[in-house]
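Here's the letter readout for the chains.
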Amino acid sequence: MPIDFKQVQDKWQRRWNEAKIFRVSENSKKPKFYCLEMFPYPSGYIHMGHVRNYSIGDAYTRYKRMHGFNVLYPMGYDAFGLPAENAAIKKGVNPADWTYNNIKGIKEQQLMMGWSYDWERQVNTCDSEYYKWNQWLFLQFLKKGLAYKKESWVNWCNSCKTVLANEQVEEGKCWRCKNEVAKTQLAQWYLKITAYAEELLNDLKKLEHWPERVKLMQEHWIGKSEGVEIFFKVGGADTILPAYTTRPDTIFSTTFIVIAPEHPLVAELVRGSKQEKTVKEFLEHVKKETEIERSAEHKEKHGVFLGIYVINPATNEKIPVWTANFALVDYGTGIVMANAHDERDFAFAKKYKIPLKAVLAPPGKEKEVKKLEKPYTGDGILFDSKQFSGLPNRQALPKIIDWLVENNEGVKQTNYKLRDWLISRQRYWGTPIPILYCDQCGMLPVPEKDLPVLLPKDVKFTGEGNPLEKSKAFHAVKCPKCKKSARRETDTMDTFIDSSWYFLRYCSPKENKIPFDKNAVRYWLPVDQYIGGIEHAILHLLYSRFFTKALRDLKLIDFDEPFQRLLCQGMVIKDGAKMSKSIGNVVDPVEIINKYGSDTAKLFILFTALPEKELEWNDQGVHGCFKFLNRVWNLVEQQPEFHKVEVTNRDKKILGKLHRTIKKVTDFMEEFKLSLAVGTLMEFVNDFNSYRENPVDMKTHRSCLETLCLLLSPFASHLAEEMWERLGHKPFISLHDWPKYDESKIDEQAEAADELVSNTLADINNVLTLAKIREPKEITLFVAPTWKYTFIGKLKKSLEKTYNQGEIMKEIFQGDLKKHGEEITKLIPKFIKDPSKMPAIILDQNVELQTLQDAKDFFAKEYKATIHIILAEKTEEPKAKAALPGKPSIIIA
């Protein structure tokens, strides 16, 4: 009877829920395992890209649960953020209503998939019970000096009255209203992540089970560099312009310096001069460019001469000071020493006719480089560099640093690209920053007893400015100190705050006196396996690592790193592009579930590609997985014929394959090669179906079927439960022990014999195709002569030591094989070129003969022909000479 997968999944999801089998606590004697996927943003329903992430986690979690682990596997929603506010502006809905409706829809989809979450631990970051602790943690950071406010340059849309992230500025215009964006200075809140820059960098070495590319991306983002701050004195003044560089070996080539347009020194240096107006106009132009655009290699560089000069401390020459769009105020000192050995500097100097001077060239190429036709940017030998001339530049570099420091012309400096984390957002749908401003008492933290600071409901979403500024009920308050009128901070927090510690909240999500229970965290953390997309490799993971270290220093936790193992799953591709709502190529999981069942959806997503690789969506592949699961169900639904004799060779072979399958699936799961684990199960199902075509041993058959259910459970959990029950077991297979393999039952000889029959069948089919024979009358198989088995055995051993043909022949001919020298001399090069042509396990001639004779009736039935099996030594047929161990020669008539 066909199985109704939808009915089966509903049945078992209901039973799992009623029995609460996935609910866990830390009061267990079992070893713990914490598996976590990056939680979704509820901007709409999930698609198969999300299904992949959660299916990987669910399969691995179920596997670990069956291995006896006490598994924490929670789910929640990263629910604050700009999309909800945009929806409020565009659709006239409340951000909270929009968000909670989306959470409801996503959760319904997740429940349909039957993933084994402990739903009692669900966290929504937009719940006041959660964001209260964002505010509490912020206040602890403030006390520790890790939170502070300062003025900084931001992208400002005057039409929308809001700050924009760099990514929201498109060609100098607001992505929303398309009006010009300007740079303005605004007081903003920061978290001092730079205080942990060195530790964040060094502790990457501890993350042995993180992908190397993720660690490299974080290393580059932190961007540690060892260099020197060189002092350039302004001619005729006491002002010093310090320029940071990691290449002081080019100091003798420096013919101008460049200062960032926003640098406060720019306005000071040109005040009252002829250049003041030009420089101000240039600054207004630069304000329309984002930092991404300014630092992009392909973008043309622009600049203005400030009308002043500084002294190059190495050459004592006067050199001009320029301001240019490529100099960024937040990198180094905001001042760059420019020279002929940098492509950007070279192009800028040529454009504005600034003199250039080369001091570095490959050996013997000095004259060529001096022509200044193009910049030389490689390593080489210094010239025109005083006492350092003639030295390789890398060798001279530390000497030049020491020379500058000794002469008080510079100071050694370690620098980082990493900047403090700007957390201020001028929008409504986020965590209110718990700060008050009083004209008399100044800036004050909201008292902890008054947390949470709730988002007001009397707001209108017009798309202009921050709605919180227009809510008098929100920002007009009494000062807790002097009781006079005060106002609240109207900035809300960056939503990365929410996801920087949510993994801690899952340990005690209903705790209302502290953000997390320390004992629960001590039991569950760190996370044993974290799963998510590579797009979060830098910011989210870096911020989570920073939070962990800061909370450790606040004595709230006692570990350094949040995630022990990290898997970055590959994207799901459809029609040549990443599956995405914005592109419109998504596949709705509900459609797949309704048509094929959630087990089919999950099996396809796990089988089609290794977790870290891209997965190409394929409708035919989904249907293939559906057919496979139906074949698996038929193994229970349709009883085979049982024989009443003792256990046969066939029974032993399938039992051996079963235990080899257990071993392979277990090994693949441990290595996170889920697709190979599923593929191994599919191979076994094919072998098991073939085994069932003839009478089988009842006990062997039962053992295979029960074990198959257990192995299938992480991948097709509903079907495995149904089969388990049909076999007479009590639920739940999800909580049963994982099967163990028995090496003694893995009969390699029996498997090799089985492979011989399969390969011979394939070879016969090839001959029939090539010879265009449809109805053969006779098929003759010639088994290789005894000496070839001895030869192949010796050759395999020789190839373990060397691939040198001469040495191999010398070793093989030390015995009775000399008389077959002519044939062996032809065979050895072929096997050296492709060792896979030799059988993995060599059967002796008698076993091979007996195996083929046992399969004689099978071949005869398959081809409706007379079958002859002959030893090569007992025939004069020339074709028999070509027979090899594991590969009989074939004649068909």
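Before any of the text, the structure's been laid out above.
Notes on the structure in this doc start here. (Residues numbered from 1 in each chain as written. Predicted model: local features only at pLDDT ≥ 70, side-chain atom pairs only at ≥ 80, totals over all residues. Heavy atoms only, no water.)

Side note on the environment of Lys-801
Along the polypeptide, Lys-801 turns up in the loop between helix H27 (786-799) and helix H28 (805-812). Classification of Lys-801 by relative accessible area gives exposed; the value is 59%. Here the alpha-carbon distance between Lys-801 and Glu-641, two residues 160 residues apart in the chain, equals 49 Å. Engagement of the side chain of Lys-801 in a polar contact is seen with the side chain of Glu-811, the distance being 3.1 Å. (Helix = DSSP H or I, 4+ residues; strand = E, 2+ residues; numbered from the N terminus. Buried < 20%, exposed > 50% of the residue type's maximum accessible area, 1.4 Å probe, protein only. Polar contact = N/O pair within 3.5 Å; in protein donor to acceptor, adjacent residues only side chain to side chain.)

Points about the packing of helix H24 (residues 698-712) against helix H25 (residues 717-726)
Relative to each other, H24 and H25 sit at 155 degrees, their axes nearing to 8 Å. When the interaxial angle is binned, H24 and H25 end up roughly antiparallel. Seen from above, H24 lies across H25 with left-handed handedness. When H24 is examined against H25, the residues Leu-705, Glu-706, Cys-709, Leu-710 and Leu-712 are found in contact with a partner set consisting of Leu-719, Ala-720, Met-723 and Trp-724. In the contact of H24 with H25, the residues fall into 8 nonpolar, no polar and 1 charged. (Axes fitted to C-alpha atoms, helices over the stretch in contact; angles between N-to-C directions. Parallel < 35°, antiparallel > 145°, perpendicular 65-115°, else oblique. Left-handed = near helix turned anticlockwise from the far one by under 90°. Contact = heavy atoms within 4.5 Å. Nonpolar A, V, L, I, M, F, W, Y, C, P; charged D, E, K, R; others polar.)

Structural notes on the environment of Ala-84
By the secondary structure assignment, Ala-84 is in helix H3 (residues 82-91). Along the chain, Ala-84 and Ser-43 lie 41 residues apart, while their C-alpha atoms are 7.2 Å from each other. The residues touching Ala-84, leaving out its near neighbours within four places in the chain, are Tyr-41, Pro-95, Trp-98, Thr-99 and Trp-429.

Points about the state of the cysteines
A full pass over the atoms with the stated rule returns 0 disulfides. Sulfur of Cys-568: no disulfide; nearest cysteine sulfur belongs to Cys-35 and is 14 Å away. A relative accessible area of 4% means that Cys-568 is categorised as buried. (Disulfide = S-S within 2.5 Å.)

Quick word on the sheet that holds strand E24 (residues 485-488)
What the 4 strands build is an open sheet, ordered E22-E21-E24-E23; its pairing is antiparallel. This sheet does not close on itself; its edge strands, each paired only once, are strand E22 (442-445) and strand E23 (476-478). In this sheet, neighbouring strand axes are inclined to one another by 40 degrees on average, regardless of whether the strands run parallel or antiparallel. Here strand E21 (residues 435-438) runs beside E24; their pairing, made up of 3 bridges, is antiparallel. Considered in E24, the bridge of Cys-438 is made with Ala-486. (Pairing = 2+ DSSP bridges.)

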